[in-house]
Each structure stands twice: as structure tokens, then as C-alpha cells.
Amino acid sequence: MNIQIPRGVNDFFENDMNLHMEVVNKLSEIFENYGYGRIKTPIFEDTKLFIRSVGDDTDIVNKEMYTFEDRKGRSLTLRPELTAPVVRSYLENKMYGKLDDFNKFYYYGEAFRYERAQAGRYRQFHQVGVEVFNLSSIAIDIEVISMADSIIKFFDLSDNVKLKINTIGSSKERKEYIKYLKNYFEPHKEELCSDCQNRIETNPLRILDCKKDGHRNIVTNVKPIKDFLDLETNERFISILEYLDNADIQYDVDYKMVRGLDYYNDTVFEFVFKNEDLEFTLIGGGRYDKLISQISQQDIPAFGFGIGVERMILALKSINSDIEKDYSKKIDIYFANLDENRDLEVLEIMNNIRNAGLSCEMNYMNKGIKQCYKKAEELNAIYVVVISDEVRVKNLFTKEETVTSLKEFEEDILKEIEDGN
Ligand code: HAM
């Protein structure tokens, strides 16, 4: 039997990878303009990190983690997200210093979730994201959400992406709401899916997040969380909304949005992509002031978001189905050497030109002239250098042709590179 790729994961080829890295590099550039520095953490961590942070009543921890024991019986987990690892590293390396300053980190890397595989939902995917530590002012909520909005605008996705925002208050305030939800859902228990029946006791907020259709009516009539929040929390939220209004950032307040991870408080938000065929959260994040104190002695506020790179690319492809073509291979010079005896001479020239900074490829397989031109076009070459009885250089864009010698061509090209043309 042939061995095949596991379900829910992807191979990436040249054009996919070029586009993927272009997106990652552009996002990195934006993050750096906002003062973020790069951090890279391991792909696996102590399982307890995710149980304590993401929350043991979440789908991610209950059903989706890739957990295994190492040879010494330690429980390790392939990271399902990157926030908890960044927090772990920040604390372990005491990057908070004397706590008289803030830190801004950004990251790019794989995440793993055993989810039902479908378009935009993979078992291995890539996240880029940001985390800010030790800033509790709403200025940072606003700055980070505005930055996410700039990303949507930069990638021209505004027509298909909408910001949804909510406040879920502090854990003290949520306690009252959770009490209310338990009482509200209990009489409807039979109408809920088996997961949500359990959630009435363990984590009724998650019922608001359940995507099963049968729930919709029951969830629609739930009182919004804002009814249970104190004045200060609501005012904080209103100030954020006022800023978004003034900055002309479109949003919908979604009082039922709770997010799929347990560590959030106050502001939560999602940028949701939607077209005729697809709907998914592209960017998700919010404030998580209590997470750090849950896994250490430190009490440090935090705010951040994550973007799925594969989802970003699906969104980009949905508005420009040919986008990958823009990222196909491009070379500068194709050497159509039709005289095998000159291969070594051509190799040496290619070596010099490549080292000077241009890309080249040659007719390694002794193919005929027609196939050489086909290959040069496939590689989007600018010049084809045909080497037979004479040496003919053709610019494939201007169609200009000159007869020269290999030595002269090499000298001209190296000079052009040196002059910066
Ligand atoms: P999340 O909403 O679970 O949040 O994931 C963030 C983004 O990762 C999603 O909006 C989506 O684009 C992408 N994503 C999630 N699951 C999948 C999947 N199975 N396949 C493809 N893409 C996926 C977090 O992970 C938080 N750590 C975000 C955060 C950072 N909050 C504060 N700081």
C-alpha cells in the first residue's frame, strides 16, 4: 500500500510557499513597525501549560490536542496555539524585568489541533500573532485592534472581512453570568447536543460558542453578558467602540462571542471572513490579564491576537484566484547550451553570475532549442542565451537579440550588476 499524507495536513509547493512566506514577511514588517520583536518557542511543551492556560473545559484541550509521552514518561503536547508558549517563555526568562516596562512580541509557527478537517480547518496549520505584556490601558486594546484592521485593509480584504467585538468582563463578573446561564439552560437540557449538556455544569459560556444548528433558538434568547457587567467594564468597552467609530473602523458588537479559549477577559474580538462558499475566523484575540497569574506568581496584564496563515491565503485566493501565479518562479537568465562540450564553461559563468546576485539555469539535459525556449518561458526568464555555433542573447520581454561571445556576455552582465542596473 502506498503511504499517504495524514488527514488534515498539507504539503506546500514552490508557489504556495512563495505566497505563504510573502504573507508572513509582510505581516512581520507590519508588526515591526508597531514595535514588536520576534520570538520563537518550541513546537512542543509540557501538557500542563495548555491545560492551565487554554482551559480544561475547552474543545482544544478536551478533544484536539496531540499529546504524547516521551521516553521518560513526561506528558508533552504539540502546541495547539502560540500564546501560552510565549507566556511560558516570557516568564521563564524573566523578560518582565522590574515590571517598569512593557514587552511586545510577534511570532510565526506551526500549531496542531485534531479538528474535523475541512477547507480552512487543518490539523497542522501556521499562526502569526502578537502578544503585548504589562499594559492594561485601553490604548493597547485599541492599537492592537487597529493594527489587525490595517492588516485587513493592506491585503484588500475589507469587503469580505468584518470585525466582531465583545467584552466578557472579569472572572468575578462572569461568575454571575455563568450562574444565570446554568439556570437558563437547565430546562432546555434535552434540546442541547451531548457536549453542551455537559457544558451546563462545566462551562456554560461555551454553549454560546457552539456551532451546532439545533441550538440557535435557545441561544438567541439568552440575555447578553453586558447586562451582568459593572459600569466601569461597560464604559471601558464603550470607549473602545468610540475610538473605532472615530477611526472609521467598521465593527459589529456580538454580545454572544466568547472565543474558544478560556484565558480571556474584557475585550475579545474576531475578524471573520465570509463569501458565498466559505466562512471562518481569520484573526482572533483579546485581553488576557489573568493568564499570567494562573501559571506563575506574577500578575501581568496581556493582550494579543493570532492569524491563521492558511486562512489568510484562502481569503486572498478568493478575491484573486490567480494570485499564486504572481509567486511562480522567476529567473534572470536561461543558458540554452546546445553544445555539451561547453557545459563546464557555462557552469563556471553561471557560478560567477549567481555569486554576483542574479539567478540562472541551464540546459542540463541536452534538450533541443524548442524545449529550451519552453523551459525558459516556464521559468519566466528575462534572457535566453543560446549557445551553438554562435552565442545569441535574446531578451524575452523586449524581443531584442544580440550576437556576442560567452566571455563578453559574462563581462557585460557582471558590469551591469556592479553598476546596479
Ligand atoms: P484562535 O482563534 O484559536 O486563537 O486561533 C487564531 C487563528 O488561528 C484563527 O483565527 C484562525 O485563523 C487560525 N486557526 C485556528 N484553528 C485553525 C485550524 N484548525 N486550521 C487553520 N487555521 C486555524 C488563538 O490561537 C489565540 N492564541 C489567539 C491570541 C493571541 N489571543 C491572544 N493572543
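A quick note: this is a predicted structure, and the numbers were derived from the prediction, not measured.

Participant: Even after reading the chapter, I still don't get the overall build of the chain, so can you show me in this structure?
Facilitator: Scanning the chain from terminus to terminus reveals 15 helices and 16 strands. Computed over C-alpha atoms, the radius of gyration of the chain comes to 28 Å, more than 25% over the 22 Å expected from 2.2 N^0.38 for 421 residues, which places it beyond the range of a compact globule. Summarising its shape, the C-alpha atoms of the chain cover approximately 90 × 55 × 50 Å along the three principal directions. Out of the 421 residues in the chain, the part that is buried amounts to 47%. A total accessible area of about 22,300 Å² is found for the chain, and carbon and sulfur atoms account for 47% of it. One way to put it: in the chain the 57 positive side-chain charges average out to a point 6 Å from where the 76 negative ones average out.

Participant: Help me understand the pairing of strand β14 (residues 383-387) in this model?
Facilitator: The side chains of a regular strand alternate, residue by residue, between the two faces of the sheet. Counting buried residues in β14 gives four out of five residues, a clear majority hidden from the surface. The pairing of strand β12 (residues 333-337) with β14 spans five bridges and is classified as parallel. Considered in β14, the bridge of Asn337 is made with Ile387. Relative to strand β15 (residues 391-395), β14 is paired through five bridges, and the arrangement is antiparallel. The residue bridging Val385 from the neighbouring strand is Val393, located in β15.

Participant: So what exactly am I meant to see when it comes to the packing of helix α13 (residues 343-356) against helix α15 (residues 406-419) here?
Facilitator: Geometrically, a packed helix pair is captured by the angle between its two axes and the distance between the axes. Running from N to C, α13 and α15 cross one another at 5 degrees; their axes reach a closest spacing of 10 Å. With respect to their mutual orientation, α13 and α15 come out roughly parallel. Across the interface between the two elements, Glu345, Val346, Ile349, Asn352, Ile353 and Ala356 of α13 pack against Leu406, Phe409, Glu410, Ile413, Leu414 and Ile417 of α15. Residues belonging to the contact of α13 with α15 are distributed by class as follows: nine nonpolar, one polar and two charged.

Participant: Looking at this model, I keep getting lost on the sheet that holds strand β3 (residues 66-69). Mind explaining?
Facilitator: The pairing of strands in a sheet happens through backbone hydrogen bonds and is either parallel or antiparallel. The strand order across the open sheet formed by three strands is β2-β4-β3, and the pairing between neighbours is antiparallel. For this open sheet the edge positions go to β2 (44-46) and β3, each flanked by a neighbour on one side alone. Neighbouring strand axes in the sheet, compared pairwise and without regard to direction, differ in orientation by 35 degrees on average. When β2 meets strand β4 (residues 75-78), the two strands line up antiparallel, connected through three bridges. Bridge assignment links Glu45 to a residue of β4, and that residue is Thr77.

Calculation notes
Residues numbered from 1 in each chain as written. Predicted model: local features only at pLDDT ≥ 70, side-chain atom pairs only at ≥ 80, totals over all residues. Heavy atoms only, no water. Helix = DSSP H or I, 4+ residues; strand = E, 2+ residues; numbered from the N terminus. Rg over C-alpha atoms; globule rule 2.2 N^0.38 Å. Buried < 20%, exposed > 50% of the residue type's maximum accessible area, 1.4 Å probe, protein only. Areas by Shrake-Rupley, 256 points an atom, 1.4 Å probe, with all protein chains shown as cover. Lys, Arg positive; Asp, Glu negative; His and termini not counted. Charge placed at Lys NZ, Arg CZ, Asp CG, Glu CD. Pairing = 2+ DSSP bridges. Axes fitted to C-alpha atoms, helices over the stretch in contact; angles between N-to-C directions. Parallel < 35°, antiparallel > 145°, perpendicular 65-115°, else oblique. Contact = heavy atoms within 4.5 Å. Nonpolar A, V, L, I, M, F, W, Y, C, P; charged D, E, K, R; others polar.

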